[in-house]
Amino acid sequence: MPERTLEFGLYGARGIKGHQAVARQLDALVDYIASPPTTRRGLAARLHYLTRTPHALAAARAAGLTVTDRTLKAWLDGARRPSNANLARVEDAYRTVRRHNVARHLSARLHRAGRGTRVEIHPVNQSGVERPRQRAVEYRTLNIRHWEAIVDAWAAGDEQAMDDAWVEQIVDLGSQWGQYEYVTNIGFAA
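Before going into details, it helps to say that this report is about the structure given with it. (Residues numbered from 1 in each chain as written. Predicted model: local features only at pLDDT ≥ 70, side-chain atom pairs only at ≥ 80, totals over all residues. Heavy atoms only, no water.)

**Observations regarding the packing of aromatic side chains**
Thought 1: In the structure shown here, the tally under the stated rule is three aromatic pairs.
Thought 2: Ring centres 6.1 Å apart and planes at 65° place the aromatic pair Y32 and Y94 in the edge-to-face group. Residue Y32 is located in the loop between helix 1 (18–29) and helix 2 (40–51), and its partner Y94 is located in helix 5 (residues 84–111); the two are separated by 62 residues in the primary sequence.
Thought 3: We classify Y94 as buried; its relative accessible area is 2%.
Thought 4: Their ring planes at 80° and their centres at 5.3 Å tell us that Y49 and Y94 sit as a pair that is edge-to-face. Pair noted here: Y49 is in helix 2 and Y94 is in helix 5, with a separation of 45 residues, a long-range link. The two residues Y49 and Y94 agree in class, both being buried.
Thought 5: Over the ring of Y49 we find R52; its NZ or CZ atom is 4.4 Å from the centre of that ring. (Phe/Tyr/Trp six-rings, centres within 6.5 Å; stacked < 30°, edge-to-face > 60°. Helix = DSSP H or I, 4+ residues; strand = E, 2+ residues; numbered from the N terminus. Buried < 20%, exposed > 50% of the residue type's maximum accessible area, 1.4 Å probe, protein only. Lys NZ or Arg CZ within 6 Å of the ring centre and 35° of its normal.)

**Focus on the sheet that holds strand 3 (residues 140–144)**
Each strand in a sheet pairs with its neighbour through backbone hydrogen bonds, running either in the same direction (parallel) or in the opposite one (antiparallel).
Thought 1: Reading across from one edge, 3-2-5 is the order of the three strands in this open sheet, with antiparallel pairing throughout. On the outer flanks of this sheet lie strand 3 and strand 5 (185–187), each paired with one strand and no other. Direction aside, the axes of adjacent strands within the sheet are offset by 25° on average.
Thought 2: Alignment of strand 2 (residues 117–122) against strand 5, held across three bridges, turns out to be antiparallel. Bridge assignment links I121 to a residue of strand 5, and that residue is I186. (Pairing = 2+ DSSP bridges. Axes fitted to C-alpha atoms, helices over the stretch in contact; angles between N-to-C directions.)

Listed below in C-alpha cells is the structure:
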C-alpha cells in the first residue's frame with residue numbers, strides 16, 4: 001500500500017499511529033493497579049498479582065521477571081527494595097501478565113456477540129500545517145466487529161501485528177482509510 005510509505009509530519013501535522021491510539025484506549029479499559037510501583041503498596045500489589053499462583057509466577061518469569069524466589073520474598077516482606085531497573089521489570093511483567101489475563105474477556109466485551117463496538121476516530125492535528133497544505137479530514141465513526149486480532153496483538157505487545165490488524169479494520173473507510181492511519185485519538189467504550 002503506497003499510502004503507508006508517506007513521510008508523516010513532514011509539513012507539521014501531529015498525531016500518533018492509529019494502532020497506538022487503540023492500544024492506549026485498551027489500556028484505559030483494563031483496571032490496572034492505581035498505586036505506582038515506586039510506592040510500597042503499589043509494589044506489594046504487583047508482586048502479589050505476579051506470585052499468587054504458580055501459573056502467574058511462570059507467566060511473570062516468561063515476561064521478563066528473572067529474579068530469584070528469595071529476592072521476591074524479600075521484596076514482598078519489605079526487607080529489601082528493588083532497584084529502579086528491577087522496578088521497571090516488575091511493572092513490565094505485571095502489565096504483560098495483566099494484558100494476557102484480560103484479553104479473552106476484553107475481546108468478548110468489544111465483540112458484543114457480533115454487534116461490535118462503535119469507534120470514534122479523531123483526525124490528526126493540523127494546526128502546525130500551513131493553510132494551503134491542510135487537508136479536510138473530519139471525525140469519523142466506524143463499527144469494528146472483529147476485535148480478536150487487535151486484542152491478541154495488544155496482549156502480546158506485537159506492534160506490527162496490531163498495526164496490520166488495525167489497518168485491516170479501517171479499510172471500510174474506502175479511499176479515505178489512508179487519512180486515518182495517523183490520528184490524535186481513538187475513542188470507544190465497552
